[in-house]
Amino acid sequence: MRNDLPYNRDNIVVVDADFSRFGVWAGIQPLLSECYESLVSMQDEANLLKHGRAFWAVLIECRDAISLPFPTLTDIAAGGVERTRNYAMDRAYRTVHAICDALLTHNEKVRSRKFREIYVVNYFKAEHLAQRTFSELSRRGNPAISIIAETAPEVWTDLHSGQVMQKKSPLANEILQAFNNSPNHQSRDLCVQEVETLLEGKNPDLVELYALPLLNKYIGLNEERKIARAAIRVVGIYNHMGYYHEAAHYVDYVVRFFDNFLDSGQYYVWNFAGSVCHALMVTGKAELARDFMLHRINPLLTEQNLRSRMFYMLSMIELRYSPQRNLFTGKKYLTKALWALRSYGFHGDTEEYLFLKVFLGNGSAFIRAREGRADRAIALCQNGYELLTSNLGETMHRLHRSVLQYNTAQVLYFLGEFSESVSFYRMAIDMDPNYSEYHNEIGNIYSALEDFSKAIESYERAILLSAPYPEVHFNLAICLLRAGSFDDAVTHFERSLELDPAQPAALFMIGEALHSKGDTSGATEYYSRASRANGELQKPALLNCVSILKDEGKVMQAMQLLSEYDENFPGDPEVAEAARYVAA
């Protein structure tokens, strides 16, 4: 399945992004592989660690040599120690940022093999994450890196400008022809029996590496039962990694051949159905997930613990994923889940019963919080924590117990009980110390309490523990701004904008920071940019910018900005007042 190293000549690189052949990171893997091997040869330990999450996620074959930095309980539980959970899609998006960081570092460090032009063959066959990565790299790498993608057969588009190329350079044509004829790009036969033997051990890395090519082999052979079983492996591992669009790509094979699972027993039927529904829910197909669960799976399940899980999933579809959220229907399904669990009772597996009781209680807490019954939500979380701990001990279900403390902390935070909320965040962190979100959110509390040193320490810890995400840099920048560290605040606002440029608030706050340090020229630039972006800060940014220009005697520039705003929002009394002030 590996793409091998990219075809690289005169810094013109060609990669193949065909998802069906090369998987989630098709076209990305060879670029990152070259980056990794270059850093290894340079013995650049700092950058190997810095970009370790990108290397670990994409270079599956190298995972034995790559340590996942700062593993969380979700990572550890995935090895089979206890019940785990699937990652959120946001984790995959953070991996995209980490990949871009690594590839931009490569260009800085390895100039002789840097990526100047990247031609992406079969871009139109790439899936969601690979396309997103190429788009982000094009945005962040421009103008040093140009990405020319095959957006339709033999149609080549510059991803940054969106322009279709009328013709390629003779050198690019020559390199593409050589790439198409190269041995690394030719189809390689897969030894089915050897791969099937490898996958019997259920090693998740091997499943991620080989399940997709095995599935494609079965599709070619038209072997229904094997297609269904390979497809569910692909869907399951991609769900776990947060690759939900890629998982949804193969859901149809599972649904179409679902009857092939019926002799596996109800436990497996439920697990497979749950994987299908999770992929559909997260990718905006909640109605399909609901219909599949109600009409296809509901008649098959008689074991009450599994029916309890089914009704819980139906409740979450209504409460969290349906385009029209329905609290009443969500509560109805959760009540059915609780009744099914009561029927299961202690006659079944005690650990299963206790886990489900607490799990459903956590779902009830979510509803109570939505209803404004915060005290009941907190009680449900804490009763569940005590039930698990007293019956199963401190070492079992650490992941789920940390989530219960985290949920309690969130409710207390929204109630304004900041000090008590910190205590519960600390308990969650003690159990899952490498979970970045806990540190980011406790940083928000310390910032609200104006304990800026603890807030900054928490945010910096959150940044260290995770692949990049814009929110934590924005939060740290706000804290630094309030603490008077204007230059550092600007640095982190700009980093947040680098990761997500669609943030008018970050533009506005950079204006605030620069204005506070006396840089009125810089402040007007950012206020002006914020005033041209949609959002609630558009008018405040305009008025701040106009005020500075007026104070500096730049009356014509100020009036021009006011005129532009008035054309879009005529008759605004504050803008009219500002115009009178400037004209005076």
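Scroll up to find the structure.
A.B. asks: Explain the state of the cysteines to me, and be specific about the residues and the numbers.
C.D. replies: Following the criterion strictly, the structure yields zero disulfides and no others. Here C100 is not disulfide-linked; the sulfur of C35 is the nearest cysteine sulfur, at 11 Å.

A.B. asks: Tell me about the side chain of Q266, residues and numbers included.
C.D. replies: Within the element layout of this structure, Q266 appears in helix 14 (residues 266-282). Among the polar contacts made by the side chain of Q266, one reaches the main-chain amide nitrogen of E303 at a distance of 3.1 Å. The residues contacting Q266, other than those within four sequence positions of it, are L300, L301, T302, E303 and L306.

A.B. asks: Just give me the short version of the pattern of salt bridges, but keep the residues and values in it.
C.D. replies: Across all of its chains, the model carries 31 salt bridges by this definition. One salt bridge connects D252 with R256, and the closest N-O pair in it is separated by 2.7 Å. Placement of the pair is D252 and R256 together in helix 13 (residues 251-256), with a separation of four residues, close to one helical turn. A relative accessible area of 44% means that D252 is categorised as partly exposed. Its relative accessible area of 48% is what places R256 among the partly exposed residues.

A.B. asks: Give me the packing of aromatic side chains: which residues, what numbers.
C.D. replies: This model, assessed by the stated rule, comprises 24 aromatic pairs. Seen in terms of ring centroids, F474 and F493 are 5.4 Å apart; in terms of plane orientation they differ by 70°. Their pairing is edge-to-face. With a gap of 19 residues between them, F474 in helix 24 (residues 470-482) and F493 in helix 25 (residues 486-499) connect regions that are remote in the sequence. In this structure, F474 and F493 share a single accessibility class: buried. Members of the aromatic cluster, each reached through a chain of ring pairs, are F19, W25, Y238, Y243, Y250 and Y253. Seen from the ring of W56, R63 lies directly overhead, with NZ or CZ sitting 4.1 Å from the centre.

A.B. asks: Please provide a residue-by-residue account of helix 24, values included.
C.D. replies: Helix length check: helix 24 (13 residues) gives 19 Å between terminal C-alpha atoms against 18 Å at 1.5 Å per residue, within 8%. Most of helix 24 is tucked away: ten of the 13 residues are buried. For helix 24, the full list of buried residues reads P470, V472, H473, F474, N475, L476, A477, C479, L480 and L481. Within two residues after helix 24, G484 carries a phi angle of roughly 90°, on the positive side.

A.B. asks: Before we move on, could you go through the packing of helix 10 (residues 204-221) against helix 11 (residues 224-241) and cite the residues and values that matter?
C.D. replies: Interhelical geometry of helix 10 versus helix 11 gives an angle of 145° and a closest axis separation of 8 Å. You can see that helix 10 and helix 11 cross each other, and the crossing is left-handed. Every residue of helix 11 that contacts helix 10 at P204, V207, E208, A211, L212, L215, Y218 and I219 is listed here: K226, I227, A230, A231, R233, V234, I237, Y238 and M241. Residue composition of the contact of helix 10 with helix 11, grouped by class: 14 nonpolar, no polar and three charged.

A.B. asks: Residues and numbers for the nonpolar core, please.
C.D. replies: Among the nonpolar cores identified, the biggest contains 177 residues, and F55, I118 and F134 are the most heavily contacted of them. Core analysis: the next-biggest nonpolar cluster, separate from the first, contains ten residues, I12, I148, I175 and L176 among them.

A.B. asks: Before we move on, can you summarise the pairing of strand 5 (residues 155-158) with the specific residues and values?
C.D. replies: Bridge analysis of strand 4 (residues 146-152) against strand 5 gives four bridges, and the strand direction is antiparallel. Residue pairing for strand 5: E150 is matched across the bridge by W156. Count of turn residues in the strand 4/strand 5 antiparallel hairpin: two residues, of which E154 carries a positive phi of about 65°.

A.B. asks: Describe helix 2 (residues 28-41), naming the residues involved and giving the relevant values.
C.D. replies: Helix length check: helix 2 (14 residues) gives 20 Å between terminal C-alpha atoms against 20 Å at 1.5 Å per residue, within 8%. Counting buried residues in helix 2 gives eleven out of 14 residues, a clear majority hidden from the surface. Within the span of helix 2, buried status applies to I28, Q29, P30, L31, L32, S33, E34, C35, Y36, S38 and L39. Positive backbone phi, at 55°, marks Q43, one or two positions downstream of helix 2.

A.B. asks: If you had to explain the packing of helix 7 (residues 128-141) against helix 25 to someone new, which residues and values would you point to?
C.D. replies: With their axes 10 Å apart at the nearest point, helix 7 and helix 25 run at an angle of 135° to one another. The pairing of helix 7 with helix 25 is recorded here as oblique in orientation. Across from E136, R139 and R140 in helix 7, the residues of helix 25 making contact are R495, L497, E498 and L499. Taken together, the residues of the contact of helix 7 with helix 25 sort by class into two nonpolar, no polar and five charged.

A.B. asks: Can you tell me about the environment of F179, naming the residues and giving the values?
C.D. replies: The residue F179 is located in helix 8 (residues 170-181) in this model. The spatial distance from the C-alpha of F179 to the C-alpha of P501 is 35 Å, given a sequence separation of 322 residues.

A.B. asks: Which residues make up unusual backbone geometry, and what are the values?
C.D. replies: The omega torsion across N142 and P143 is 5°, close enough to zero to call that bond cis. Backbone geometry at E154 places phi at a positive 65°, although glycine is not the residue there. Looking at where E154 falls in the secondary structure, it is placed in the loop between strand 4 and strand 5.

A.B. asks: For the pairing of strand 3 (residues 117-121), give the residues involved together with the corresponding values.
C.D. replies: Among the five residues in strand 3, five count as buried, and that is most of the element. Alternating positions in strand 3 separate into two faces, E117, Y119 and V121 on one and I118 and V120 on the other, with burial throughout. The handedness of the strand 3 to strand 4 crossover, carried by helix 7, is right-handed.

Calculation rules
- Residues numbered from 1 in each chain as written.
- Predicted model: local features only at pLDDT ≥ 70, side-chain atom pairs only at ≥ 80, totals over all residues.
- Heavy atoms only, no water.
- Disulfide = S-S within 2.5 Å.
- Helix = DSSP H or I, 4+ residues; strand = E, 2+ residues; numbered from the N terminus.
- Polar contact = N/O pair within 3.5 Å; in protein donor to acceptor, adjacent residues only side chain to side chain.
- Contact = heavy atoms within 4.5 Å.
- Salt bridge = Lys/Arg side-chain N within 4 Å of Asp/Glu carboxyl O.
- Buried < 20%, exposed > 50% of the residue type's maximum accessible area, 1.4 Å probe, protein only.
- Phe/Tyr/Trp six-rings, centres within 6.5 Å; stacked < 30°, edge-to-face > 60°.
- Lys NZ or Arg CZ within 6 Å of the ring centre and 35° of its normal.
- Expected span 1.5 Å × (residues − 1).
- Axes fitted to C-alpha atoms, helices over the stretch in contact; angles between N-to-C directions.
- Left-handed = near helix turned anticlockwise from the far one by under 90°.
- Nonpolar A, V, L, I, M, F, W, Y, C, P; charged D, E, K, R; others polar.
- Core = buried A, V, L, I, M, F, W, Y, C linked by side-chain atoms within 4.5 Å.
- Pairing = 2+ DSSP bridges.
- Parallel < 35°, antiparallel > 145°, perpendicular 65-115°, else oblique.
- Right-handed = clockwise from strand over helix to strand, strands pointing away.

Taken by themselves, the reported measurements are silent on function.
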